[in-house]
Amino acid sequence: MTTTRTTTILSAFSHLTSRHHHQVHRRISSSSSNRKMNSPLNRQISNSISGNDNFNLKLVSSSASSSQVGEATDSLRTVFEKLRRPYNPYPLIGWNRHIETIFAAFFRSLPGIRFRRECLRTADDGVVSLDWVCGDDTEIPIDAPVLILLPGLTGGSGDTYVQHMLARARRLRWRVVVFNSRGCGGSPVVTPQFYSASFTGDTREVVKHVNTRYPNSNLYAVGWSLGANILVQYLGEEAENCLLSGGVSLCNPFNLIIADEDFRKGFNNIYDKALARSLTKIFKKHAQLFEDIGGEYDIKLAANAKTVKEFDEGLTRVSFGFNSAEHYYSSSSSSDSIKYVRRPLLCIQAENDPIAPSRGIPYDDIEENPNCLLIVTPKGGHLGWVAGAEAPFGAPWTDPIVIEFLQHIEDPAPASWNSCVTTDDADHSGNGLHKIGV
């Protein structure tokens, strides 16, 4: 079997100054009550993966202190132990981005999670649906960390990639809730407005709602595709005031202008038409809400859209006050939000993603933000990543990486991780480069 080797480059940044130092919410117990407190994240990092004949882990410190390089190495080598393993795309399936994308969408197993739905009324009288796992109220500790999941465009709690992530987090006794946007996952639409790539209002209300319900828990979020774009925008808008302790972005289109350009090329037309059908199907269920709405709406265009852009031109851009679809895309790209993120953020992208082009990744802004970490795999398709121990029908390759990242924020130095890697593997150079050969 052919093995695709990868090189991991992690820039380990020194602690932020006391003035700008990001702190992660931690839980403590006292004789009277449980409450949240702040303790610093061990290290903020930025990294990328690219194809190479050798598989090495490199850490480069922004500080001249070699001792700080060592501290970051001890932490990161254990947290990202799985990154030391080669990324092996599953034979035949993983060698073509379209085959991998389609295979994952149609043949990935569904864990079959049972949910209890909560309909949350928003400030503008809209409704979003929160799907909680049945039994969590009695089986999960009240102060357990809470993971909020944001599916991709038209996605919901019934999607396989969502349920696999949920199942993995719940095995660690984390509480998990799926945020189904308006009209998605069977969530009702009760006002003439859906959701968009730029609208973070519902996300903000959901996070506040969950925080109020579980005040002694740390909150985290994972978003896929359009859900990732919305999550990153939310993190940027909230900055230091964000109620989340950390987040993960997967298959984020980042630059929607670039994504739109590639979306209409070659085989990508298949995805464009499929998503347009899903959007029009949701719209037609609630078309009566838009009767005689007037204004710039083009209801006929939206109802019969053959592409996502036609739907956005007829409905989405008007609902959210944009002059055109191009104006909507340029104003809704989360690549512009990266520089403002002040919580630990892991971004995972596939170099060959047909829907979230790698040329749209804001490499410079991610590298310059000490709160962000970027992983780019050579293959993976869109929401595919058919690789790893559970391939081809099980969880994506990314799931263990995501959970290890979130665990590290929640508990930076669990003793059980210390035996993963020893410092005997390390080779120090005079340039502050810490290299681990595998």
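Residues numbered from 1 in each chain as written. Predicted model: local features only at pLDDT ≥ 70, side-chain atom pairs only at ≥ 80, totals over all residues. Heavy atoms only, no water.

J.: Please clarify how the overall build of the protein chain should be interpreted in this entry.
T.: What the protein chain contains, in helices and strands, is 13 helices and 15 strands. Per-residue burial for the protein chain yields a buried fraction of 58% across its 438 residues. Taking the contacts inside the protein chain whose residues are at least 6 apart along the sequence as the reference set, 78% of them involve residues at least 24 apart. Carbon and sulfur atoms make up 50% of the accessible area of the protein chain, which amounts to about 18,100 Å² in all. (Helix = DSSP H or I, 4+ residues; strand = E, 2+ residues; numbered from the N terminus. Buried < 20%, exposed > 50% of the residue type's maximum accessible area, 1.4 Å probe, protein only. Contact = heavy atoms within 4.5 Å. Areas by Shrake-Rupley, 256 points an atom, 1.4 Å probe, with all protein chains shown as cover.)

J.: Could you clarify how one ought to interpret the sheet that holds strand β7 (residues 127-133) in this entry?
T.: Two orientations exist for strands paired in a sheet by backbone hydrogen bonds: parallel and antiparallel. Strand order in this open sheet of 8 strands is β6-β7-β9-β8-β10-β11-β12-β13, and the pairing throughout is mixed. The sheet is open, and its two edges are formed by β6 (115-121) and β13 (372-377), each paired on a single side. Along the sheet, successive strands turn relative to each other by an average axial angle of 20°, direction set aside. Here 4 bridges tie strand β8 (residues 146-150) to strand β9 (residues 175-180), and the two strands are oriented parallel to one another. Across the sheet, the residue bridging to isoleucine 148 is valine 177, located in β9. Running over the sheet, helix α5 (residues 201-213) touches β6, β7, β8, β9, β10 (219-224) and β11 (244-250) and is turned about 115° from β6. (Pairing = 2+ DSSP bridges. Axes fitted to C-alpha atoms, helices over the stretch in contact; angles between N-to-C directions.)

J.: Hey, could you run me through the pairing of β10 in this one?
T.: Along any regular strand, the residues point their side chains to alternate faces of the sheet. Of all 6 residues in β10, 6 are buried, a share of seventy percent or more. Every second residue of β10 is oriented toward a common face, with Leu219, Ala221 and Gly223 on one face and Tyr220, Val222 and Trp224 on the other, all of them buried. Across 5 bridges, β8 lies against β10 in parallel orientation. Across the sheet, the residue bridging to leucine 150 is glycine 223, located in β10. In this structure, β10 lies alongside β11, joined through 6 bridges in parallel fashion. In the sheet register, tyrosine 220 faces β11, and the bridge partner there is glycine 246.

J.: Any chance you could explain the packing of aromatic side chains here in plain terms?
T.: Pairs of aromatic rings are described using the distance from one ring centre to the other and the angle between the two planes. Counted by the stated rule, this structure contains 14 aromatic pairs. Ring plane angle 40° and centroid distance 5.3 Å describe the contact between tyrosine 328 and tyrosine 329, whose orientation is recorded as tilted. With a relative accessible area of 5%, tyrosine 328 lands in the buried category. Residue tyrosine 329 is classed as buried on the basis of its relative accessible area, which comes to 6%. Every member of this aromatic cluster is reached through a ring pair, and the members are Phe194, Phe283, Phe290 and Phe311. (Phe/Tyr/Trp six-rings, centres within 6.5 Å; stacked < 30°, edge-to-face > 60°.)

J.: Honestly, the environment of glycine 380 in this entry has me stumped. Any pointers?
T.: Within the secondary structure, glycine 380 is located in the loop between β13 and α13 (398-410). With 290 residues separating them in the primary sequence, glycine 380 and tyrosine 90 have C-alpha atoms 9.7 Å apart.

J.: For this particular structure, what's the right way to read the confidence of the model for the protein chain?
T.: Keep in mind that low pLDDT regions are not for reading the predicted coordinates in detail. The predicted model of the protein chain has a mean per-residue pLDDT of 81, with 75% of residues at 70 or higher. In the model, residues 415-438 has pLDDT below 50 throughout and makes 53 contacts with residues more than four positions away in sequence or in other chains. (pLDDT = per-residue confidence, 0-100.)

J.: What should I look at first to understand unusual backbone geometry in this one?
T.: The phi angle of most residues is negative, glycine excepted, and most peptide bonds adopt the trans form. Residue proline 392 follows alanine 391 across a cis peptide bond; omega there is 5°. Note on placement: proline 392 falls in the loop between β13 and α13. Phi is positive for threonine 154, close to 65°, though the residue is something other than glycine.

J.: Mind showing me how you'd approach the pattern of salt bridges here?
T.: If charged atoms from side chains of opposite charge come close, those side chains can pair. Overall, the coordinates contain 20 salt bridges when judged by the stated rule. Linking glutamate 238 and arginine 204 is a salt bridge whose minimum nitrogen-to-oxygen distance equals 2.7 Å. Of this pair, glutamate 238 sits in helix α6 (residues 226-238) while arginine 204 is found in helix α5, placing the two residues 34 residues apart along the sequence. Where salt bridges share partners, they join Asp260, Arg264, Lys309 and Glu326 into one cluster. (Salt bridge = Lys/Arg side-chain N within 4 Å of Asp/Glu carboxyl O.)

J.: Could you clarify how one ought to interpret the packing of α5 against α6 in this entry?
T.: In a pair of packed helices, the angle between the axes and the distance between the axes together describe the arrangement. As a packed pair, α5 and α6 sit with axes 10 Å apart at the nearest point and diverge in direction by 75°. Here α5 is positioned roughly perpendicular relative to α6, judged by the angle of their axes. Contacts between α5 and α6 involve Thr203, Arg204 and Val207 from the first element and Ile230, Tyr234, Glu237 and Glu238 from the second. Residues of the contact of α5 with α6, tallied by class, amount to 3 nonpolar, 1 polar and 3 charged. (Parallel < 35°, antiparallel > 145°, perpendicular 65-115°, else oblique. Nonpolar A, V, L, I, M, F, W, Y, C, P; charged D, E, K, R; others polar.)

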